[in-house]
Each structure stands twice: as C-alpha cells, then as structure tokens.
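Close look at the chain arrangement
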Amino acid sequence: MGDHLLDVKNLSVDFHTTHGTVHAVRDVSWHLERGETLAILGESGSGKSVSASAILNLIDMPPGEITSGEILFEGKDVLLMSAEDRRQLNGHRIAMIFQDPLSHLNPVYSIGFQIAETMTAHGVNKGQTREKTIELLARVGIPDPDTKIDAYPHQFSGGQRQRIMIAMALALKPDILIADEPTTALDVTVQAQILTLLEELQEETGMGLLLITHDLGVVAEVADRVVVMNAGQIVETGTASGVYHSPQHPYTKKLIAAIPGEGDMAEPLGSGAEPILEISGLSKHYGAFVALDDVSLTVLPGETVAIVGESGSGKSTLAKTILRLEEATGGQALFQGQDLIRMDANALFKVRRDIQMVFQDPTQSLNPRMSIFDIIAEAFVIHPEILAKQHWKARVCELLEQVGLKAEHMYRHPHQFSGGQRQRIAIARTLALEPKLIVCDEAVSALDVSIQAQVLALLTQLQDDLGLSFLFIAHDLPLVRDFAHRVIVMQSGKIVEQGPVEQIFDAPREKYTRSLIAASLSPDPDVQAVRRTALRKMQEAAV
Amino acid sequence: MLNFLGKRAVASAISLVGLVLLVFFLSRLTGDPTGLYLPLDASEEARNQFREIHGLNDPLIVQFFSYMADLIRFDFGDSIRRSEPAIDVVMRGFAWTLQLTFVTMSLVVVFAVIFGSLAAFNVGGVFDRIATFFSLIGASAPDFWIAIVAIVIFSVKLGWFPTSGTGTVWHWVMPVSVLFIRPFGLILQIVRGAMITALGSAYVKTARAKGIKNRPIIFVHALRNALLPVITVIGDQAAALLNGAVVIESIFGFPGVGKLMIDSILQRDFTVVMAAIMVTAMAIFVMNLLIDILYSILDPRIRY
C-alpha cells in the first residue's frame, strides 16, 4: 500500500472539562487521496470536526489532548512536527474553510488584506499579492474584484463571503482543502453554486477535498467516499452511493431513515371551514425598502401552512408583523374575525394567548436563569385567568409529558438539556397558553436530522390532538414537503406561488419555485446526479 | 460624518449652557466673596465699592445675563483674586493638566495593552497570574494614600524625588506614577478580557488555519477588535484626569486645573471656577469626539 496524501491513523482526542473527560474522537482512522472528495458525515457532537482541527493544530491544548494516533501528511507525522513547521503547512499545503464565513472573517480588515495575508505569511513578496488577490476574487466569482478587494466582510452577502473564504484558502494552491459545513448557513440556490465552485476548483488543482457535513444531500452532491461518525467513532465507511443504498450500521440506517422529503405528502384540508387567520394586502416598508408587498393568505383551523423562501424573502418579517412584533405599513390580518393590525393594546394582550411563536434557537429564546417550571408557568403569571396557582405544578408536569420530557426535570435549567429537548420545552411553553395558532419560525432548522423528525412528529401529534394550526416558516424544502398541508413561496417580500403541497412539489408553476426545488439536494447520489445535470441545464438556459 | 460632527456640536453646546446655569447659581450659594478678600475691619463703604466693581450688587439674574453676554464674546471675566483674565489663569493650569494627562495615559495605554494582551494569550499562565494580581491591586488602591506614602518614602526618607512643583523631569515622576496605577490596573483587566474574547473568536481560528504567526495573530487580528471596548474606558479614565486630578495635584502641589479649581472654590473666585469648568467640559467634549472618530477608523462597520 503506497502512501496516501493524508492518512489519519488511530486518532483519539480527549477534552478535559470541569465535568470530567470527554472522549471527543476515539481510535479514528481515515485517509484522503489527491483529487478525491471524502466526506465526514455526522450529527452535532459526533466529533466529525475534531480530526480536521487536529490536522491544522487548531485544538486548544489544554483542555484538549491527543491521546493516541498519528496524522501522516505525505508520509510524515504532523503531530511530531514543531509548531513552526506545522504553521508552514497551514494555509500553504493544507487550507480550511468554515461554516459561518461572517464570523470567520475578521470584521475590521479588508478582504484584500486578509487574502494577501495568507500569501505573505508564507513568504510571497508583498508587491505581487494585490494582483494575485484580484485574480483569485475573479476566479471565485466576486463581481468587480478591482474595487471589491478593498471592501470589508460586512459589505458582502453570505454566499459571497464563502467565496472569499474559498479564495483565501486557495491562494497558495494547497494540496488539501478542508471544508467544515461550508454551505450550512447558506440558501439552497447559493449552496448549489458554492458546491459547484468547489468541484470545479478541485478539478483545476487536483487537490484532495475533505468535507465535513451533517447533510446527506451535500454528500450525495460532491463526495466520492464517506465516513460516518457517531459519538466519536467511525461507524461506517464506503462510497457515497454504497453507504446510501446499502447502509450496514444501525446508526447509518437510522440517519437515512430520518431524512425528510421521502414520505407521503399531506392531503389538503376541505375548504368548508372558516379560516382562523385571514391576511389580505399586508405590507411592511423600512424606509424605501419593501420587506412585505401586498401579502394575502389564509390559514384554516387544524392546518399547517408553510412559508418558504430564501433569506431576505420576507418570511420572518411576515411572522413578526402578524404577531405585532413589527408594525405593518398597511393591510389587515383577521384572526377569528378581529383585525390584529389595528387592535388596541388591551385586545392584543388577550389575543396573544391564542397566537404563540416557537423561535429558531431555543438556546437564545429560553431564559438561561429560569428553571423549566418557571419558564412554562410564566404563562399563568401573565394570564392568570388560565389556571389557579395550586394547579400550576400539575399542569406543567402534564405539559412536559405531552412534549415527551420527564416531569421530574421541571426544576432543571435550559443548559441541562440538549437542543432538541430545549425546543420541546419551547413548545411546552407555547402550549401552556392553550393557543389556536402557533407560528414556527425555522423552529427545527438548528436541530439534527433525527431530532427534526422527532420534533415534527410531536407537532403533528399535537395538531391531531388539539386541533392546532401552524404557520411554519422554513427554508428547508424536504421538511416542508413532509409536514405542510399548503405551501406559500415567497421572494423579495412577495408571494410568488401558493397551493397544496403536492401541487408545489410535483407541479410547480413558477420558475422561482422550480429553481428552489431543483437546487435542494437529494440524499441519493444517483438521483442527485440526475438533478445536478438538470439544474445546470436550467442555469445554462437562463444565461 | 460632517453631519454627525454638526449634530454632536449642537448637542454639546446645549449641555454647556445647562452646565453654565448650574455652576453659576450653585457657586453663588456658597456666599459673598467680599468678606474673604477685604480685611475684617474694612468699612461698609469699602465693601460696597468692592461689590460694585465685581458686579455683586446686581440681582442674581442680572449678574447671570451680563455674564452670559460676556461669555458669547469669549470673555470669561477677570479673576477676583488675581486681577487678570480668568481664562488666562485657567489655561495656564489646563496646560499643565493636559501634559500630565497625556504623559500618564500614554504610559497606561502602552503598558496595559501589552501586558493585557500577553496575559490573555496564555490564560492561567504565570505571566497572567502576576499581571492579574498587580492590576487588581492597582485598580483598587486608594491613590491619595499611595501619594502620601510615596512622599514619605521617596522624598522624605530617601530624598530621590522632590515633594512638589514641576521644575524638572524628577518632579513629574511621582505624580505620573501615582496617577498611572489605577487606570493601568483597570485598563489591563479590560484589555485582558477583550483579548480573551477576541483570541477565542472564529476569525482567529481562520488566521491559525491560514498559518499566520502568533505575534500578528495577537497584535494584528485580535488586538484591533479588542481595542473597541478598551477605547471607551481609556476615554473615561482620561476624562477623569483632564477634569483635574484634584487630590493628587493638591498633594504634589502640581499647578494643574484641578488644584486651581479647588483653590478657586475655597476663595470664591467665581470667574475662575466658571472658566475652569467650561474649559474642562470643552476638553472632554473634544476627547469624546476623538474617541468616536477613532472608533470609526478602527472598525469599518461604524460609519457616522
């Protein structure tokens, strides 16, 4: 067996914390060849990023400790190299891009400086860097690179920032590019562009690409081989297609089964019922910027209406305007016949009981200093007519059990729960008010795929039991496909298409809807290959 | 930017008028200066004449408007005690205070930033522990007590430095050192905290992945971000010194605006008190403006 470009052998990394030692990765081995794309697939906490961080010496030690193993780059163990030798590898031979390009770019320096710095740090003469930086920016598709070189990270869009990160990483034509969740924070259409760019650049340079992701769709799109990690260990290795079609390990099977977008679609509800929410002509302007433009929609009792669109499409503004967290510029929103937009503060206070919201990030939306009991029972403090004080405890127990948590955990604080559990707590909090309509703003986007499936099953159950209506705001189309009765597609503050879920997914009428569906990735590499060809054709036709 | 400066100038002008009102009437409440300046056995006629000369016989409101009328022509009036323009007296003292503040704060910033950054680079290390220990002592030490002890030890016992005055470089050592201690301790702590945050940030991880050396990571990538909160505190501390380090200037007999102010209050030299307050208020306004400008230079996201 000849030398691999990169060979990780029996790597184990521990983190020593005040709560004891965490074995982040245990006895992990994998390798990467030139020109190959290897994906490390895992959910949060699986240790998928740790081995990549170890390669680039990015693990803080302490608290981290590499307890065993070797990392061979071109046959030499980087763990035995001096700090200075390792620094010279970083950015020069091995480069890395990250999930959230806004926080990973230094906000106070121009992008030109930050790209040129990679070169000067590895001995390139300062005089040559500007021209080279402009070339790189042009190559990754930044328009107008001659002037944009002096702009700052906040002046670019999310997709452009990731392109800039890529330009920075590729400045010295590294042998290996590590991409840690490179498209997770991006819209689907932008994700498709970035993945295409990475593939093209790999073909040009012949570099090895190590892709760390939680998304089987991304694996299907770009990976040759895949390593599946769970709880710090590799559970399965194989070709992308092989692992998807014949998973061997139970964990992989479970992961693939949890992928949304494969199940039956819901039938539309009968149109006889009186709508619970009826919005017409709603608009919201911020100065000259139109965030919502003449939006009209209805929600029936017991119905799930999904609002999909890319960032900046106005879907969150719509939710905030309905809840009067933002004041509408015009239009009306009738909730059970009363206009929410023109309601006085008193009436609004009463009606807020009936309309509740579940936010994207339960870590931020739950007060970290309040116990779960206090968080849920606060509903009764604010609306004392719901329940007399002596029944609070019993009701909180009941609510926790309803969302699948243990009643004895009610005096714990939010940080003692996992992300999925926290979102259940947030749901229990809304249920305490006995609402009729729950607005879910990207309520499961921050959760792992298997947890997403559980939370959606819970919401469906609650809808069946309590007759709740959901306004489900999401960017993830496969999720929406499985969960919604009706879908509303938004772009630039306008509704471009709406209809029953089957119509939107199987027979979309609008070009924008079609491009959104085409850009979303299938977890099946074979299906994805077909889709990719179709998408490229669409793009070529558009040009 | 110009629009912003204009708005700030108007806002400060309004504050200044409020300040003049407050100080003018409050200082009159301390009593009539006549008794302090004329001998005890001065005749009522002489007293009246003194009051006439200094306009103290007019109703308070008339005194105020005539003062404001002069002020618009930048005439702060004459010092009652020294019979020269009050503004000249104040500017002399202010020049000293400005130098003292500049020297002290320059030293504070240089040392606090270097030591704070290095402490943050290796949290919990020996250097961090030493720096934290001394900065905590510095931030909490009572400076008037240190000043007196320093005079006892270094001037009286050892005879190294003069006790008061400004004649030579040696005269400056003790006031600067004593004034240095507290802002140094405070700012070091803030630099350390801000640098720990900055060094743990995602963009520093990127810099490491790019193979940037440690020194530019600390002093180029992290420091410029960490300086933003630090600058606010530097401004605050410098303002405190500009206001006149009243106690320290008095202890070391340093002829700055702080000592001048306390002396003038005791002597009911109203014109000088007023002029001193106006000048320091202006100085603080200018300094805050400089800080805002510095902010927008350091952080391209801030544009006025």
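The structure displayed is predicted, hence computed values, not measured ones. (Residues numbered from 1 in each chain as written. Chains lettered and ligands numbered in written order. Predicted model: local features only at pLDDT ≥ 70, side-chain atom pairs only at ≥ 80, totals over all residues. Heavy atoms only, no water.)

1. Digging into the overall build of chain B
Across its full length, chain B holds 13 helices and zero strands. Counting from the amino terminus, chain B carries its helices and strands in the arrangement α-α-α-α-α-α-α-α-α-α-α-α-α. Buried residues in chain B amount to 46% of all 304 residues. At a minimum sequence separation of 6, the contacts of chain B that also span at least 24 residues come to 72%. (Helix = DSSP H or I, 4+ residues; strand = E, 2+ residues; numbered from the N terminus. Buried < 20%, exposed > 50% of the residue type's maximum accessible area, 1.4 Å probe, protein only. Contact = heavy atoms within 4.5 Å.)

2. Regarding the sheet that holds strand 16 (residues 355–358) of chain A
All names here are of chain A. Within the open sheet, the six strands sit side by side as 16-17-18-13-19-20. Their pairing is mixed. Since the sheet does not close on itself, it has two edges, and those belong to strand 16 and strand 20 (494–500), each with one partner. On average, adjacent strands in this sheet sit at an angle of 20° to one another, irrespective of strand direction. By the bridge criterion, four bridges tie strand 13 (residues 304–308) to strand 19 (residues 486–491) in an arrangement that is parallel. Counted as the bridge partner of valine 308 is valine 489 from strand 19. (Pairing = 2+ DSSP bridges. Axes fitted to C-alpha atoms, helices over the stretch in contact; angles between N-to-C directions.)

3. Let's talk about the domain arrangement of chain B
Residue and element names in this part refer to chain B. Assigned domains within chain B: domain 1 (2–72) and domain 2 (89–298). The centre of domain 1, based on its C-alpha atoms, is set 33 Å off from the matching centre of domain 2. Counting residues at the interface gives 20 residues for domain 1 and 17 residues for domain 2. For the pair domain 1 and domain 2, the number of links is zero salt bridges. (Domains from an automatic or database assignment. Salt bridge = Lys/Arg side-chain N within 4 Å of Asp/Glu carboxyl O.)

4. Digging into the pairing of strand 7 (residues 176–180) of chain A
Residues and elements named next belong to chain A. In terms of residue burial, strand 7 counts as a mostly covered element, since five of its five residues are buried. The two faces of strand 7 match: Ile176, Ile178 and Asp180 on one face and Leu177 and Ala179 on the other face are all buried. The pairing of strand 6 (residues 94–97) with strand 7 spans four bridges and is classified as parallel. The residue bridging methionine 96 from the neighbouring strand is isoleucine 178, located in strand 7. Regarding topology, helix 8 (residues 188–205) serves as the crossover connection from strand 7 to the parallel strand 8 (residues 208–213), and that connection is right-handed. (Right-handed = clockwise from strand over helix to strand, strands pointing away.)

5. Quick notes on the environment of arginine 532 of chain A
All names here are of chain A. Along the chain, arginine 532 turns up in helix 22 (residues 525–542). Expressed as a C-alpha distance, the spacing of arginine 532 and glutamate 204, which sit 328 residues apart in the sequence, is 19 Å. Dropping the residues within four chain positions of it, arginine 532 is found in contact with Glu199 and Glu221.

6. Quick word on the packing of helix 12 (residues 257–266) of chain B against helix 13 (residues 270–298) of chain B
Residue and element names in this part refer to chain B. Taken N-terminus to C-terminus, the directions of helix 12 and helix 13 make an angle of 150°; their axes are 9 Å apart at the nearest point. Viewed along their axes, helix 12 and helix 13 adopt a mutual orientation that is roughly antiparallel. As for the relative orientation of helix 12 and helix 13, their crossing is left-handed in sense. Across from Val257, Leu260, Met261, Ser264 and Ile265 in helix 12, the residues of helix 13 making contact are Val272, Val273, Ala276, Ile277 and Thr280. Here the residues of the contact of helix 12 with helix 13 are counted per class, giving eight nonpolar, two polar and no charged. (Parallel < 35°, antiparallel > 145°, perpendicular 65-115°, else oblique. Left-handed = near helix turned anticlockwise from the far one by under 90°. Nonpolar A, V, L, I, M, F, W, Y, C, P; charged D, E, K, R; others polar.)

7. Describing the interface of chain B and chain A
The interface of chain B with chain A comprises 18 residues on the first partner and 26 residues on the second. Among the residues chain B hides against chain A, the three largest losses belong to Lys205, Ala209 and Lys210 of chain B. Together they make up 28% of the total. Between lysine 210 of chain B and glutamate 117 of chain A there is a salt bridge, with the nearest N and O atoms lying 3.0 Å from each other. Across the chain B-chain A interface, the total number found is 13 residue pairs in polar contact (both at pLDDT 80 or more). Those elements that provide at least two residues to the side of chain B that touches chain A are helix 9 (202–209) and helix 10 (214–242) of chain B. Of the residues forming the side of chain B that touches chain A, the biggest block, six residues, is contributed by helix 9 of chain B. Class assignment for the residues of the side of chain B that touches chain A results in seven nonpolar, four polar and seven charged. (Buried area = accessible area lost by both parts, 1.4 Å probe. Polar contact = N/O pair within 3.5 Å; in protein donor to acceptor, adjacent residues only side chain to side chain.)

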